[in-house]
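One-letter residues, chain by chain:
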Amino acid sequence: MGRPGVIEWAEFPPGARRSLNQELQVLHRRAGQPSMRNIAEAIGKSTGSVHNAFRVAKVPSHDLTMAIVSRLTLWVRDWGVGVDQDTGIDTALRRFERCWQQAQYEEEFLANQGDPPPMSDATRDLLYALSPECPVCGKTRQLLDIVAMEDPDGEQLPPAFRKTGLEPDAPNPWHLIRLCRGCQRRREVGELTEQQLREARFALDRRPGAARHYAAYLDQLLLGAEPVIDMNVAGSALAIIQADPEVSAEPYVLNHGQIKVDRTHGSLRWGQHECTDDH
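Residues numbered from 1 in each chain as written. Predicted model: local features only at pLDDT ≥ 70, side-chain atom pairs only at ≥ 80, totals over all residues. Heavy atoms only, no water.

### Section: the overall build of the chain
Here comes step 1: Within the chain, the regular secondary structure consists of 10 helices and 7 strands.
Here comes step 2: With 279 residues in all, the chain has 43% of them scored as buried.
Here comes step 3: For the chain, the proportion of contacts with a sequence separation of at least 24, taken over those separated by at least 6, is 68%.
Here comes step 4: As displayed, the chain has an accessible area near 15,200 Å², and 49% of this comes from carbon and sulfur atoms. (Helix = DSSP H or I, 4+ residues; strand = E, 2+ residues; numbered from the N terminus. Buried < 20%, exposed > 50% of the residue type's maximum accessible area, 1.4 Å probe, protein only. Contact = heavy atoms within 4.5 Å. Areas by Shrake-Rupley, 256 points an atom, 1.4 Å probe, with all protein chains shown as cover.)

This is how it looks when you write it as structure tokens:
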């Protein structure tokens, strides 16, 4: 459910703040590139605030944005073939009203996301490989970074983590999922439940080629990509690997023979094993 007068997030183009900045730059050039001082004097604002409005870092206020746009449109001499002054100004004002709404909502949306769940490159690479598109709706654009789901066991722990003693284990990849902006918005308003997210996450494991991604992930875990190996996570990855005959191949060694991985039987053995290569 959207807010009155605000377009739903799923309709927004990626990089709305940057798009607003680019539109301002274009209008500024069409108006003859007046100085920031001249614009500020014309609208009764400080030169610094006008200058900041042309930066990408922060969305300027609605009043400041539309004051700048209204003044610049008066200085545009040519709106194109067959477009008179009144039509050009009206079109520009409506366009910037929409651009500002998009940029402001993007800024609010990203500010509410908080920090992404900490994870290693191995875990991040696994989720990116499993989910090149949103696993809920299938969109390949406007993907957010990986987000944490609620722990289905209901443990009072930080999201996506288990604990051994006092130290957090490696992030559990089955508590993490990539979402597009539209689905994340649906999750925020309760239209997309945690159960639906978990079902979408586990469906990724049944996709063709998933076992190969988990094999690469397991290798990285054993080579030290995670500070602490959660053997429940490693065991779950092994189970997926074992289900694929092509990936569940002959035993191999890692870390110069210190770890022997037997995917067929689901075993990991530490010791001194014969090693024929450099990994």
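### Things to note about helix 2 (residues 36-43)
Here comes step 1: Taken residue by residue, helix 2 has M36, I39, A40 and I43 as its buried positions. Seen from one end, helix 2 has its buried residues packed into an arc of 100 degrees, which puts them on one side. Facing away from the buried surface of helix 2 by more than 90 degrees, the exposed residues are R37 and E41.
Here comes step 2: Next to the buried residues of helix 2 lie helix 1 (16-30), helix 3 (47-53) and helix 4 (62-75).
Here comes step 3: Two residues or fewer past helix 2, G44 is found with a positive phi of approximately 75 degrees. (Arc of directions from axis to C-beta.)

### A look at the nonpolar core
Here comes step 1: Grouped together as the largest cluster of nonpolar side chains are 28 residues, with contacts concentrated most on Y214, Y217 and L218.
Here comes step 2: Contributing elements (two or more residues each) for this core: helix 6 (121-130), strand 1 (143-148), helix 9 (210-225), helix 10 (231-242) and strand 6 (259-262).
Here comes step 3: When residues no more than four places from it in sequence are discounted, the contact partners of L218 are A234, L238, I241 and V261.
Here comes step 4: Grouped together as the second largest cluster of nonpolar side chains are 25 residues, I39, I43, W79 and A92 included. (Core = buried A, V, L, I, M, F, W, Y, C linked by side-chain atoms within 4.5 Å.)

### Regarding the packing of aromatic side chains
Here comes step 1: The full count for this structure, using the stated rule, is 1 aromatic pair.
Here comes step 2: Ring plane angle 5 degrees and centroid distance 5.5 Å describe the contact between W174 and Y214, whose orientation is recorded as stacked. Here W174, found in the loop between strand 3 (167-168) and strand 4 (176-180), pairs with Y214, found in helix 9; they are 40 residues apart in sequence, far enough to count as distant.
Here comes step 3: On the basis of relative accessible area, W174 is assigned to the buried category, the value being 8%.
Here comes step 4: Directly above the ring of Y128 sits R178, whose terminal nitrogen or CZ lies 4.0 Å from the centroid. (Phe/Tyr/Trp six-rings, centres within 6.5 Å; stacked < 30°, edge-to-face > 60°. Lys NZ or Arg CZ within 6 Å of the ring centre and 35° of its normal.)

### What to know about the environment of N172
Here comes step 1: Along the polypeptide, N172 turns up in the loop between strand 3 and strand 4.
Here comes step 2: For N172, a relative accessible area of 4% puts it in the buried group.
Here comes step 3: Sequence spacing of N172 and M119 is 53 residues, and the spatial spacing of their C-alpha atoms is 9.1 Å.
Here comes step 4: In terms of polar contacts, N172 uses its side chain to reach the backbone amide nitrogen of W174, at 2.9 Å. (Polar contact = N/O pair within 3.5 Å; in protein donor to acceptor, adjacent residues only side chain to side chain.)

### Quick notes on the side chain of T73
Here comes step 1: Looking at where T73 falls in the secondary structure, it is placed in helix 4.
Here comes step 2: According to the relative accessible area criterion, T73 is buried, its value standing at 0%.

### As for the confidence of the model for the chain
Here comes step 1: Mean pLDDT over the chain stands at 77; residues scoring 70 or higher make up 70%.
Here comes step 2: The low-confidence segment residues 1-14 (pLDDT under 50) makes 35 contacts with residues lying over four places distant or belonging to another chain.
Here comes step 3: Throughout residues 154-169 the model reports pLDDT below 50, and contacts reaching past four residues in sequence, or to other chains, amount to 25 contacts. (pLDDT = per-residue confidence, 0-100.)

### What to know about the pattern of salt bridges
Here comes step 1: Applying the stated criterion across every chain, the model contains 5 salt bridges.
Here comes step 2: R95 serves as the salt-bridge partner of E23, at 2.7 Å between the closest nitrogen and oxygen. Of this pair, E23 sits in helix 1 while R95 sits in helix 5 (residues 85-111); the two residues are 72 residues apart in sequence, bridging distant segments of the chain.
Here comes step 3: Note that E133 and R207 form a salt bridge whose closest N and O atoms lie 2.6 Å from each other. Highlighted residues: E133 in the loop between helix 6 and strand 1 and R207 in the loop between helix 8 (194-204) and helix 9, separated in sequence by 74 residues.
Here comes step 4: In this structure E133 comes out as buried when scored by relative accessible area, which is 16%. (Salt bridge = Lys/Arg side-chain N within 4 Å of Asp/Glu carboxyl O.)

### Here we look at unusual backbone geometry
Here comes step 1: Phi is positive for Q33, close to 55 degrees, though the residue is something other than glycine.
Here comes step 2: Looking at the element boundaries, Q33 is found in the loop between helix 1 and helix 2.
Here comes step 3: For Q33, a relative accessible area of 52% puts it in the exposed group.

### Some points on the packing of helix 2 against helix 4
Here comes step 1: Running from N to C, helix 2 and helix 4 point in directions that differ by 105 degrees, and their axes come no closer than 10 Å. Judged by the inter-axis angle, helix 2 sits roughly perpendicular to helix 4. Of the residues in helix 4, those touching helix 2 at N38, I39, A42 and I43 are L64, A67, I68, R71, L72 and W75.
Here comes step 2: Tallied by class, residues from the contact of helix 2 with helix 4 come to 8 nonpolar, 1 polar and 1 charged. (Axes fitted to C-alpha atoms, helices over the stretch in contact; angles between N-to-C directions. Parallel < 35°, antiparallel > 145°, perpendicular 65-115°, else oblique. Nonpolar A, V, L, I, M, F, W, Y, C, P; charged D, E, K, R; others polar.)

### Describing the environment of L238
Here comes step 1: Considering the arrangement of structural elements, one finds L238 in helix 10.
Here comes step 2: Expressed as a C-alpha distance, the spacing of L238 and A211, which sit 27 residues apart in the sequence, is 8.8 Å.

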